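# Structural description and commentary
Below are the chains, spelled out letter by letter.
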Amino acid sequence: HGHLNHWGIGQFGNFPVEAMQARRKAGDTLWFTTDGQMCLDTPTLGTERLLPWLCWKYDVEGYEFWGVNWWTYDPWDRAWHRFIHQSDEGQKHYYVRYPNGDGYLTYPGARVGVNGPVSSIRLEQVREGIEDYEYFVLLDRLLAQAKAQGIATKDAEAVRAAAQAMVTIPNKGGR
């Protein structure tokens, strides 16, 4: 114990909330990892928009998305990946096809006259979620200030509770 202090966990519940709380209490750092969760077949864009909400609710420092431009095919032509050869430990090798859109949140811009990547709807939802997070942090700050000044916060506390109730662990992830 004590050797691993930075955890990459799935936001969908593969790491129980109780374990998250225990790791935080021990001083560890938690990040959500999004492998296979931010994909084109997630029509509600829930993961992209809600990861910052989950970070706020569960006191998780951040999240990672492992790639923004991993295009195994030109995504303007094919919205899926090719099979790739890989190995997890260097011994057993296999072929795998990652979920559609996994590894990219942008598109190559040349086809639409842009020198560089262009944003996707999913990336725009990431931005919206980060803006939501900023409002939640502001709400928490203002609540603390109001309480310190003896101002009633019942209505603001209800808004905060309603926002937190919108995200839960476990959940279905991006799917």
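Quick note: structure is the one above.
Presented here is a report on the structure given in the accompanying data block. Everything numeric in this text was worked out from a predicted model, so none of it was measured.

The rules we used
- Residues numbered from 1 in each chain as written.
- Predicted model: local features only at pLDDT ≥ 70, side-chain atom pairs only at ≥ 80, totals over all residues.
- Heavy atoms only, no water.
- Pairing = 2+ DSSP bridges.
- Helix = DSSP H or I, 4+ residues; strand = E, 2+ residues; numbered from the N terminus.
- Axes fitted to C-alpha atoms, helices over the stretch in contact; angles between N-to-C directions.
- Parallel < 35°, antiparallel > 145°, perpendicular 65-115°, else oblique.
- Left-handed = near helix turned anticlockwise from the far one by under 90°.
- Contact = heavy atoms within 4.5 Å.
- Nonpolar A, V, L, I, M, F, W, Y, C, P; charged D, E, K, R; others polar.

As a further point, take the pairing of strand β5 (residues 93-96). Summarising the sheet, strand β4 (residues 84-87) and β5 pair through 4 bridges and their orientation is antiparallel. From the neighbouring strand, Ser-87 faces β5, where its bridge partner is His-93. Joining the antiparallel neighbours β4 and β5 is a turn of 5 residues, in which Gly-90 adopts a positive phi near 90°.

Time to look at the packing of helix α2 (residues 46-58) against helix α3 (residues 121-148). The description of two packed helices rests on the angle between their axes and on the distance between the axes. The geometry of α2 relative to α3 is characterised by a closest axis approach of 6 Å and an angle of 25° between their N-to-C directions. Our classification of the angle between α2 and α3 gives roughly parallel. In the packing of α2 onto α3, the handedness of the crossing is right-handed. Side by side, α2 and α3 meet where Glu-48, Arg-49, Pro-52, Trp-53, Cys-55 and Trp-56 of the first sit next to Arg-122, Gln-125, Val-126, Glu-128, Gly-129, Ile-130, Asp-132, Tyr-133, Phe-136 and Asp-140 of the second. Grouping the amino acids of the contact of α2 with α3 by side-chain chemistry returns 8 nonpolar, 2 polar and 6 charged.

The next subject is the packing of α2 against helix α4 (residues 154-165). Remark: α2 packs on α4, axes separated minimally by 10 Å, with the N-to-C direction vectors making an angle of 120°. The angle between α2 and α4 places the two elements in the oblique class. Relative to α4, α2 is oriented so that their crossing is left-handed. Residues Trp-53, Trp-56 and Lys-57 of α2 pack against Arg-160, Ala-163 and Gln-164 of α4. Taken together, the residues of the contact of α2 with α4 sort by class into 3 nonpolar, 1 polar and 2 charged.

What the 3 strands build is an open sheet, ordered β1-β2-β3; its pairing is parallel. Here the strands that pair on one side only, and so sit at the sheet edges, are β1 (6-10) and β3 (62-64). Along the sheet, successive strands turn relative to each other by an average axial angle of 35°, direction set aside. Two strands pair when backbone bridges link them, and β1 and strand β2 (residues 29-33) are joined in this way by 5 bridges, in the parallel orientation. Residue pairing in the sheet places His-6 in a bridge with Thr-29 of β2. With respect to the sheet, helix α1 (residues 17-25) is in contact with β1 and β2, its orientation differing from that of β2 by roughly 140°.

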